[in-house]
Amino acid sequence: MHKYLNAIGYGGLTSEKELNELLREAENVYSHHELVALDPDIDYCEFRTECADDIGLCVCGTSDMKEHFERHYYFPYFKGSGITSYADVMIERRIDKEAYAGICEDAKLGISLIFHLQNTSECMQMTGGQPQEIRQVSITLSGLCNYGMILLPVMKNPEQEKKRKEESRNRMMLLSAARNGDQSAMESLTLDDLDTYTKVSKRLVTEDVFSIVDTYFMPFGIECDSYSIMGEILDIRKTENWQTGEELYIMNLNVNELKFDVCVPRANIVGEPAVGRRFKGNIWLQGRINI
């Protein structure tokens, strides 16, 4: 079973038989259907069925001339809201299946951000299934999370918040210059990192790490699109899986200046979510390129 079925309210599935029944239902009673020609005899085929608003299962496979569908894989999806970033995005096909990953460089993070591409069929039509870079396009990211924890916010006065935003802007400008080969920008970033490490090391002697680190976004595990995050909750709403009745939280987070939505089962959150508090968890990052 897919690890993140639990994140969209299917934590009660206990056997492969139940899963296969659910997937067959998705193939027969679907809310969205896409076809893309791979060759004269075979089409790439997607069936999407929703279990809540913008949440559901996507079953992918191939269909032949006799309209016989062969399932290759499936995945749970959650469509986020708004625009997370404007960046250059490289689309790459995965090695083992007709699935795609998006890779973008966001100046707010300073790392290559890899996400599972949700609108595969649209991108296949545009790129012809070949690796391709799309320049300055808007991206909507979202995350699926099985378990999470709520933390209280770090107390900051207006002057500290203003200083933090100014430092963040300066760092983004330095990162942009460093990517273009500016040697002085690279040296400044190195010195800033050393200075930050020294300050944090001294504070860790007497303080808890989560009172020092306000937010973070870093790779988690061996999967390239899995991340461990902590971010401020900007908005929160409840929804429900129509089939299972499980309650889900949809939280809009600010993580290292990136704003995106995360879906997590209500029963698997430690603490009470509220605007202004922080959410910590491990997510499977998905994204949609707004073509």
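Residues numbered from 1 in each chain as written. Predicted model: local features only at pLDDT ≥ 70, side-chain atom pairs only at ≥ 80, totals over all residues. Heavy atoms only, no water.

Caption draft 1: How the structure looks around the overall build of the protein. Broken down by element type, the protein carries 4 helices and 14 strands. In terms of C-alpha radius of gyration, the protein reaches 21 Å, essentially the compact-globule figure of 19 Å for 291 residues. Within the protein, the fraction of its 291 residues that count as buried is 42%. Long-range contacts, defined here as pairs at least 24 residues apart, represent 62% of the contacts in the protein between residues at least 6 apart. Approximately 15,500 Å² of the protein is accessible, and the part contributed by carbon and sulfur atoms is 52%. Looking at the protein, you have 31 positive and 46 negative side-chain charges, and the mean spots of the two groups are 7 Å apart. (Helix = DSSP H or I, 4+ residues; strand = E, 2+ residues; numbered from the N terminus. Rg over C-alpha atoms; globule rule 2.2 N^0.38 Å. Buried < 20%, exposed > 50% of the residue type's maximum accessible area, 1.4 Å probe, protein only. Contact = heavy atoms within 4.5 Å. Areas by Shrake-Rupley, 256 points an atom, 1.4 Å probe, with all protein chains shown as cover. Lys, Arg positive; Asp, Glu negative; His and termini not counted. Charge placed at Lys NZ, Arg CZ, Asp CG, Glu CD.)

Caption draft 2: Region of the structure containing helix H1 (residues 16-28). Taking 1.5 Å of rise per residue, 13 residues should cover 18 Å, and H1 covers 18 Å from first to last C-alpha, within 8% of that figure. Residues of H1 that are buried include every one of Leu-19, Leu-22, Leu-23, Ala-26 and Glu-27, and no others. The arc that holds the buried residues of H1, viewed along the axis, is 140°, so those residues lie on one side. Across H1 from its buried face, at more than 90 degrees, point the exposed residues Lys-17 and Asn-28. (Expected span 1.5 Å × (residues − 1). Arc of directions from axis to C-beta.)

Caption draft 3: Looking closely at unusual backbone geometry. Its identity is not glycine, yet Gln-136 carries a phi of approximately 45°, on the positive side. With respect to the secondary-structure elements, Gln-136 resides in strand E8 (residues 132-151). Given the relative accessible area of 56%, Gln-136 is considered exposed. A positive phi angle is found at Glu-257, which is not glycine, with a value near 75°. By the secondary structure assignment, Glu-257 is in the loop between strand E11 (247-255) and strand E12 (258-265). The partly exposed category is assigned to Glu-257, whose relative accessible area is 22%.

Caption draft 4: Examining the packing of aromatic side chains more closely. Here the structure, examined in full by the defined rule, presents 7 aromatic pairs. Between the aromatic rings of Tyr-73 and Phe-75, the centroid separation amounts to 6.4 Å while the plane-to-plane angle is 20°, which identifies the pairing as stacked. For the pair Tyr-73 and Phe-75, one class covers both residues: buried. Three or more aromatic residues joined by ring pairs form one cluster here, namely Tyr-4, Tyr-73, Phe-75 and Trp-284. Positioned above the aromatic ring of Tyr-77, the side-chain terminus of Arg-48 is 4.9 Å from the ring centre. In this structure, Lys-97 is placed above the aromatic ring of Tyr-73, and the distance from its NZ or CZ to the ring centre is 4.8 Å. (Phe/Tyr/Trp six-rings, centres within 6.5 Å; stacked < 30°, edge-to-face > 60°. Lys NZ or Arg CZ within 6 Å of the ring centre and 35° of its normal.)

Caption draft 5: Spotlight on the layout of surface pockets. Taken as a whole, the largest pocket encloses approximately 1,900 Å³ of empty space. Along its surface, the largest pocket is lined by 42 residues, and Arg-164, Glu-167, Thr-196, Ile-212 and Asp-214 are the ones closest to its centre. Secondary structure elements with two or more residues in the lining of the largest pocket: helix H3 (158-179), helix H4 (183-203) and strand E9 (216-219). No other element matches H3, which puts 11 residues into the lining of the largest pocket. Of the residues assigned to the lining of the largest pocket, the class counts are 17 nonpolar, 9 polar and 16 charged. Here the second largest pocket is characterised by a volume of approximately 360 Å³. The element that contributes the greatest number of residues to the lining of the second largest pocket is strand E4 (residues 69-78), accounting for 3 residues. (1 Å grid on protein atoms, 1.4 Å probe; cavity = no way out; pocket = protein on both sides within 12 Å on 5 of 7 lines; lining within 4 Å. Points joined across faces, edges and corners; volume = space filled by probe spheres on them. Nonpolar A, V, L, I, M, F, W, Y, C, P; charged D, E, K, R; others polar.)

Caption draft 6: Structural context of the pairing of strand E2 (residues 43-52). For E2, a buried count of 8 out of 10 residues is recorded, marking the element as mostly surrounded by other parts of the structure. Taken together, the 6 bridges between strand E1 (residues 32-37) and E2 define a ladder with antiparallel strand orientation. Looking at E2, one finds that Val-36 is bridged to Tyr-44. As consecutive antiparallel partners, E1 and E2 are separated by 5 residues. (Pairing = 2+ DSSP bridges.)

Caption draft 7: The arrangement of the side chain of Glu-98 in detail. Residue placement: Glu-98 occurs in the loop between strand E5 (85-93) and strand E6 (100-105). Among the polar contacts listed, one links the side chain of Glu-98 to the side chain of Tyr-100, at a separation of 2.9 Å. (Polar contact = N/O pair within 3.5 Å; in protein donor to acceptor, adjacent residues only side chain to side chain.)

Caption draft 8: Representation of the side chain of His-116 within the structure. With respect to the helices, strands and loops of the structure, His-116 is situated in strand E7 (residues 112-117). Since its relative accessible area comes to 4%, His-116 is described here as buried. Among residues more than four places away in sequence, those in contact with His-116 are Phe-75, Arg-94, Ala-99, Tyr-100, Asp-225, Trp-284, Leu-285, Gln-286 and Gly-287.

Caption draft 9: Structural detail: the pairing of E8. Judged by how many residues are buried, E8 sits mostly within the fold: 14 of 20 residues are covered. Two strands pair when backbone bridges link them, and E8 and E12 are joined in this way by 3 bridges, in the parallel orientation. Following the sheet pairing, Leu-144 is matched in E12 by Cys-263. Note that E8 and strand E13 (residues 269-270) share 2 bridges and pair parallel. The residue of E13 that forms the bridge with Gly-148 is Ile-269.

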